[in-house]
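Overview (structure and organization)
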Protein chains: 4
Amino acid sequence: MGLKYNKRKIFNDPVYGFITVPYPIVFDIIEHPFFQRLRRIKQLGLTHLVYPGALHTRFHHTLGAMHLTGLAVEELRAKGYEITEAEAVGVTLAILMHDIGHGPFSHALEHSIVSGINHEDLSALFMENLNKEFNGQLDVAIAIFNDRYSKRFLHQLVSSQLDMDRLDYLKRDSFFTGVSEGIVGSDRIIKMLHVVNDDLAVESKGIYSIEKFIVARRIMYWQVYLHKTVLSAEYLLINILKRAKELVENGQELFATPALATFLKRKVVKADFENEPELLAKFAELDDFDVLTSVKVWKHHSDKVLSKLSTFMVDRSLLKIKMYDKAVSEEKLKQLRLKLAELWNISEADSAYFVFTDSIANSAYDLKHDRINILFKNGEVKDLTEAADTLSLSVLSKPVEKHFLCFPAQLINQL
Amino acid sequence: MGLKYNKRKIFNDPVYGFITVPYPIVFDIIEHPFFQRLRRIKQLGLTHLVYPGALHTRFHHTLGAMHLTGLAVEELRAKGYEITEAEAVGVTLAILMHDIGHGPFSHALEHSIVSGINHEDLSALFMENLNKEFNGQLDVAIAIFNDRYSKRFLHQLVSSQLDMDRLDYLKRDSFFTGVSEGIVGSDRIIKMLHVVNDDLAVESKGIYSIEKFIVARRIMYWQVYLHKTVLSAEYLLINILKRAKELVENGQELFATPALATFLKRKVVKADFENEPELLAKFAELDDFDVLTSVKVWKHHSDKVLSKLSTFMVDRSLLKIKMYDKAVSEEKLKQLRLKLAELWNISEADSAYFVFTDSIANSAYDLKHDRINILFKNGEVKDLTEAADTLSLSVLSKPVEKHFLCFPAQLINQL
Amino acid sequence: MGLKYNKRKIFNDPVYGFITVPYPIVFDIIEHPFFQRLRRIKQLGLTHLVYPGALHTRFHHTLGAMHLTGLAVEELRAKGYEITEAEAVGVTLAILMHDIGHGPFSHALEHSIVSGINHEDLSALFMENLNKEFNGQLDVAIAIFNDRYSKRFLHQLVSSQLDMDRLDYLKRDSFFTGVSEGIVGSDRIIKMLHVVNDDLAVESKGIYSIEKFIVARRIMYWQVYLHKTVLSAEYLLINILKRAKELVENGQELFATPALATFLKRKVVKADFENEPELLAKFAELDDFDVLTSVKVWKHHSDKVLSKLSTFMVDRSLLKIKMYDKAVSEEKLKQLRLKLAELWNISEADSAYFVFTDSIANSAYDLKHDRINILFKNGEVKDLTEAADTLSLSVLSKPVEKHFLCFPAQLINQL
Amino acid sequence: MGLKYNKRKIFNDPVYGFITVPYPIVFDIIEHPFFQRLRRIKQLGLTHLVYPGALHTRFHHTLGAMHLTGLAVEELRAKGYEITEAEAVGVTLAILMHDIGHGPFSHALEHSIVSGINHEDLSALFMENLNKEFNGQLDVAIAIFNDRYSKRFLHQLVSSQLDMDRLDYLKRDSFFTGVSEGIVGSDRIIKMLHVVNDDLAVESKGIYSIEKFIVARRIMYWQVYLHKTVLSAEYLLINILKRAKELVENGQELFATPALATFLKRKVVKADFENEPELLAKFAELDDFDVLTSVKVWKHHSDKVLSKLSTFMVDRSLLKIKMYDKAVSEEKLKQLRLKLAELWNISEADSAYFVFTDSIANSAYDLKHDRINILFKNGEVKDLTEAADTLSLSVLSKPVEKHFLCFPAQLINQL
């Protein structure tokens, strides 16, 4: 069997069947506690409250993206584009670690208890940390991840309009939610990949698959990622965490798991992570379990607002949500809050935890930042928007903004 | 077990798992030779030359559409819309027989050997014929099929923008071709169906599924139904049949199966079917097997044109095809034909069988004829084009026209 | 739309597509916090450490079993067997609540901190509790669940060799683990169901599907449920909880979520649940999150044994496990424990937390208790073992026992 | 793009997604008319009369087996077993051509109009023929196919208990029939492959997958390949062809396509193919279309027996079939034939075309000829029957024989 067999671990995956770990160093990174923690962070946060199958983790998604990257490398090599062994290992590690900085319920967390740090920054910090531990074996991976590697197309496999990250998450999220409309022909797209002028490009006969990919993404946005009930749940969590932090800041006692307590007690900014190495280790202990467990306990807290919000979350008795084309007026909002304050005998300020508004925006294809190269038989390369003859992508690329209002069911007749 | 069990036949279907035959009269129609012949007519004609799995028949599609119709009836009844037992049987029979008039390779046949008759006319003739045999048991079905039944929405289940025919064929064609991009969430769409003012309507929250359905249809058109190699094969068949008919008209001997011979020898028009009942029976004997078998024999015919064309088809050595945005000029065409005539030592007229041009058009959503009603929570109904906030359906509804040129590989350097 | 539409909620399910909530009372039970808690209890406990997709919950499984029950009721009614509306509601509620008494990681919990209570007892307690709250609406359901209802076959849909529980969990567990070998043709089996002498029976032509079902179950047992790495993880958790309880009993401080703390502090027996209604409410607050969160914190506990075990679990650095046909000898065990005690500088007693042995047994078909009725065309009914001509089910029914030994990797050369 | 891209054709396949043609010579063989003819030969003959989706061809199956062979080669190489480029091409071509000698409805044909020749002999003849045309490029392939190549395991990939042929056909036949019970985890099995002492072996942890594979095969045999209605159809076709040949031998006029006519008119034996090269070319023109088209015409033949049998086939009004554990007695048979002769006013001899009996046998695992090597962690290799602890394969390997009786529905009360 020989050495080759040693770390050749296989993961079962209902999406692709099997995922083989291709290189020993990849195996070592997967085994690392920093990576294992991704097993405890759901890819889609609270979405499972609407789509009960959506419990898959960032761990599983990352393995999937790694699998697709392997297929893409194989396909490009078969077409004669050179990818050295070191580059293949590098791009594999880069995609593997692209999400390693994600915390639990990223969006909710970033809007409540951490500030000014996003998961990309944290991913970079984790990678540097691991690179030291692994004596520089991640150098190429980090260069590719940061788009500082000479072959730009390798970075594009990790992060671009058509990267393996998106191909996997759209497919995986469709699979586990059961929203078949979001299924993406990742196989077909990968089979159509080329490299032209150091950029990834797609053969022109794959154009309908690309159109479909963009439409699928749009559908997944509105049907899953920005589903109104998911939004309602997410904003409920934001408000729970905000309230908890407020209570802690006011010196009130509050149950919290140790990992969460750290971040409830102090305001952590990006520089803190750079200056205090042990803070990254603390962050690495924070996952979905800390947040949900604490919320469960808060059901019984003496603070009426916290307890009510937490009960709503745990028993899945979410706030109602209504979508609008325009912003909800301040008067309307004030009027509803006053009504609720009266009904529940709480302050107007507190009622804002239950009655609130915000907006979301999405565009399926961003004309400014995005570019999907289409390669024609005559060697010409055009951007998708110029190449697609019929489906007006300029229309798809128009950002769509939607406003929403959340409120308790009791107010439904007040709208 | 009782009587109920008697004709409760179950069909295996890889698409839906099982299809149950719901009523005894439905069982009897399925058993009829007129219906059994659909087993010998492929749903997608020559498409299997590009997508080798696309061998499914009109028989199987029709059973699938019947299955979806059953689900739709169940769903509508569960929501409180009245559908009597007789109506349920009627709409089931109507969908079952909607394609019963299809001949083999319909498109090719209608462009070569029959003229002025389409499969809907023939379906109507077959139904009347069967209605006599079954003593009027198909009265309701025929009324629904012809849109003369009081509840219009029943006809819409059989024939409309969102009918069960389309839901099945898109799903089935995706399945057997392996073009996953064409998968349609038929389940989701059926779950969203309502009846408003006697018209089918879809709940507003199903709007993304509908958009996806339209985009999937568009993809299937360009990727499968109008795939350029499929077009090339289809036009090859048209030319084979035209040539064969020409030879017969000129009194030459030609092998043909008896069923095909009838239609090669005489020009049949619609009135003939009405006047000669035995002609319909003859037509009912014509299927894919007659056409392909005859073409196989024609490989060895002494007429060089027929033999060459037939060899191309049987050995799948198809004519090259090139797509253009504009029509190919007459000069270009003449020049290519002359070149070929010289190369192959044939007349210029004969070379037109190998070098020819035509155009195809398609629009995903036809603003003039189509309407998909969207039902909003407040009870309002809007057409999809007014309801969809972002995906410009007016763009999708713009007909797309493409021109193409077919020619033998030898001419590739002459273009 | 009318009243019928009101509580007609639809769940997305990647396994069946859609699951419709069929009756208002079913909707109310699903909304109840006792039922919602099943969202936080994974169907397969720690199996996701081996099959990363296996994160599906008892909530989702239960909805799936309910869905299949609806199909079975429909099928039996179509064949002429009477099931009244009240019975249909009853059997639906019975299957819905059959697992409501499950705690987190049932097997591990029952071997560590609770004793003498199984989840069936607790399910019964929960049902009675809910029946009071819903004014006796669950009477029929409870009678069916407890096999005290006049039509015995209804109970068999809920609990028997071929119940809807098994049909769903085999299919669902196969789906989410990605172990395609475990796929069960639940559709086909349901289509073959009959009732003979008040017992469920399967048409003889379904016999291969039943054989396959039994083999699939066997495969799922050895490949998934009793996978050796899953066993290792489960016994690790048992030991963690035992150690934690021991420490608490010895008066040591220990972080624990409130719900878990209750059960770590006192020994709860069945009678306690009957005598103290609030204890059931406490139990209803305990889920996967309490256990995992506490284990995460215990990584840093001062007790070396607890901290080591917890670290192994959280970082998925599990104990090695080796399978044996015979029991491991006491000497061997003692020798390994002494070696470990020396290596890690711990007591021999403590080393037993890391080096231990046990056995598991399984038989795919239990001749004593199980019976699957096969209905032949002549009306005769035989047990599967008499009916199957070739696959010796007596062989399959022989219980298989396997012994295993768990130990830290450092001892691998000592075996 | 370079040369590599030139013949890199991709086939769409609903089973695996995409199948890439890996080498130029493979592309050339696929393009050859001898191979293209497999597009017109259904893998499962008349099975589609029971499972309407089972229309897939030997062409598609062969491409699938080629795809799996590519995966197996890749897997074995990754584990360090040497397979040179020439060997990889060779084994790919060997699997590609392993079925090239199949005629239409092989079983029926071999029991009626050709004699003493099986499809393996014909495959060998076709290969030699092609090898001349391709100047010896098939030398290695032919050596592997005939098990005369030095590395025996390459032959085993093409033909053995676990060859890629079986892995594909079980999976593909399950897929297109919709019999989900037959699904085989081909991916898992391939991932477990090793080579020990020049023989293929499967890692011991794959043992349940192998058991499942054998059971799946057994299920497919009884549920699909030997389905009683399929048997009835096949024997009907045998009798049609026998009768037609008899009529031709008696000098009667009979429509037949030219390719079929050749084989109806003369008795062809193996030596004829070797001596008359043009006979192989004739055979290469015979496919499903010739047989079915001729049968369709024979509906109207003046011979009552031929016309009746043909009508039964075309209108799918098949003979009834009943299974027995023992042979049907001669008296019983005579009595039924006499009854039918009287009913239909035909001779007793002719009635034997409608009333007949035969037997079929199958064993899932043949102890004498079959061997599946299981490789244990300690390097030991055992045969599956010794390695599997519980599922008694000796039971599965017992050949099962079933007798059947076919007869027209009118005799049903005479049994």
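Each chain carries its own residue numbering, running from 1 in the direction its sequence is written. Note on labels: chains are lettered from A, ligands numbered from 1, in written order. Whole-chain, interface and lining totals are the exception, using all residues; otherwise, since this is a predicted model, local features are given only for residues with pLDDT of at least 70 and side-chain atom pairs are given and counted only at 80 or more.

With that settled, the discussion passes to the overall build of chain A. The helix and strand inventory of chain A stands at 21 helices and nine strands. Atoms counted for the radius of gyration: C-alpha only. Globule rule: 2.2 Å times residue count to the power 0.38. Here the C-alpha atoms of chain A give a radius of gyration of 23 Å, agreeing with the 22 Å that 2.2 N^0.38 yields for 415 residues. C-alpha atoms of chain A, sized along the principal axes, occupy 70 × 50 × 35 Å. With C-beta atoms placed from the backbone, the exposure class of a residue follows from how many other C-beta atoms lie within 10 Å of its own: 20 or more, buried; 12 or fewer, exposed; in between, partly exposed. Counting only residues that meet the buried cut, chain A has 52% of its 415 residues in that class. Each residue is represented by a C-beta atom placed from its backbone, and any two residues with such atoms within 7 Å are regarded as in contact. Here the contacts in chain A between residues at least 6 apart in sequence split such that 71% fall between residues at least 24 apart. What counts as a helix is a DSSP run of H or I of at least four residues, what counts as a strand is a run of E of at least two, and both are numbered from the N terminus.

The subject of this paragraph is the sheet that holds strand E7 (residues 373-375) of chain B. All names here are of chain B. The rule for pairing is simple: two strands pair if DSSP sees at least two bridges between them. If you walk across this open sheet you meet the four strands as E3-E4-E7-E8, and the pairing is mixed. Only two strands of the sheet have a single neighbouring strand rather than two, namely strand E3 (193-196) and strand E8 (381-383). If you compare each strand with its neighbour and ignore which way they point, the axes differ by 45 degrees on average. Sheet analysis places E3 next to strand E4 (residues 199-203), joined by four bridges and oriented antiparallel. Counted as the bridge partner of Leu193 is Val202 from E4. Axis lines are fitted through C-alpha atoms, for helices just across the contact stretch, and the angle between N-to-C directions can take any value from 0 to 180 degrees.

Residues and elements named next belong to chain A. Taken in spatial order, the four strands line up as E3-E4-E7-E8 in an open sheet, and their pairing is mixed. Looking at strand neighbours, the two that pair on one side only are strand E3 (193-196) and strand E8 (381-383), the edges of this open sheet. When the angles between neighbouring strand axes are averaged without regard to direction, this sheet yields 45 degrees.

Turning to the domain arrangement of chain A, a few remarks are in order. Residues and elements named next belong to chain A. One can read the domain layout of chain A as domain 1 (3-97 + 138-223 + 376-398), domain 2 (103-117 + 227-272 + 283-317) and domain 3 (319-363 + 401-415). Relative to domain 3, the C-alpha centre of domain 2 lies at a distance of 21 Å. Those elements that provide at least two residues to the side of domain 2 that touches domain 3 are helix H12 (228-249) and helix H17 (304-314). For the domains described, the bounds stem from an automatic or database domain assignment.

Attention shifts here to the interface of chain C and chain A. Each partner contributes residues to the interface: chain C has 31 residues there, and chain A has 31 residues. Counting only elements with at least two residues in the side of chain C that touches chain A, the list comes to strand E1 (10-13), helix H2 (33-36), helix H3 (58-78), helix H9 (164-177) and helix H16 (288-298) of chain C. In terms of residue count, H16(C) provides more of the side of chain C that touches chain A than any other element does, six residues in total. Each residue gets one label: Ala, Val, Leu, Ile, Met, Phe, Trp, Tyr, Cys and Pro are nonpolar, Asp, Glu, Lys and Arg are charged, and the others, such as Gly, are polar. A breakdown of the residues in the side of chain C that touches chain A according to their chemical character gives 14 nonpolar, eleven polar and six charged.

Overlaying chain C on chain A yields an RMSD of 0.0 Å, the required transformation being a rotation through 180 degrees with an accompanying axial translation of 0.0 Å. The relationship between the two copies is best expressed as a two-fold rotation axis. Mapped onto chain A, 100% of the interface residues of chain C are again interface residues, and the two copies thus contact each other with one and the same surface. Superposition of the copies used a least-squares fit over C-alpha atoms from residues whose pLDDT is at least 70 in both.

So, about the packing of helix H16 (residues 288-298) of chain B against helix H17 (residues 304-314) of chain B. All names here are of chain B. Two elements in contact, H16 and H17, have axes separated by 8 Å at closest approach and are oriented at 120 degrees. Classed by the angle they form, the pair H16 and H17 counts as oblique. Crossing handedness for the pair H16 and H17: left-handed. Of H17, the residues touching H16 (which contributes Val295, Lys296 and Trp298) are Leu306, Ser307, Ser310, Met313 and Val314. Residue classes in the contact of H16 with H17 are distributed as five nonpolar, two polar and one charged. Comment on the angle field: the value is read as roughly parallel under 35 degrees, roughly antiparallel over 145, roughly perpendicular from 65 to 115, and oblique elsewhere. We call a crossing left-handed when the near helix sits turned anticlockwise from the far one by less than a right angle, and right-handed when that turn is clockwise.

Let us look at the confidence of the model for chain A. Residues and elements named next belong to chain A. Averaged over every residue, the pLDDT of chain A is 91; residues scoring 70 or more account for 93%. pLDDT is defined as a per-residue confidence score from the predictor, taking values between 0 and 100. The low-confidence segment residues 1-5, where pLDDT is below 50, has seven contacts with residues more than four positions distant or belonging to other chains. In the predicted complex, the global pTM is 0.89; the interface-specific ipTM is 0.93.

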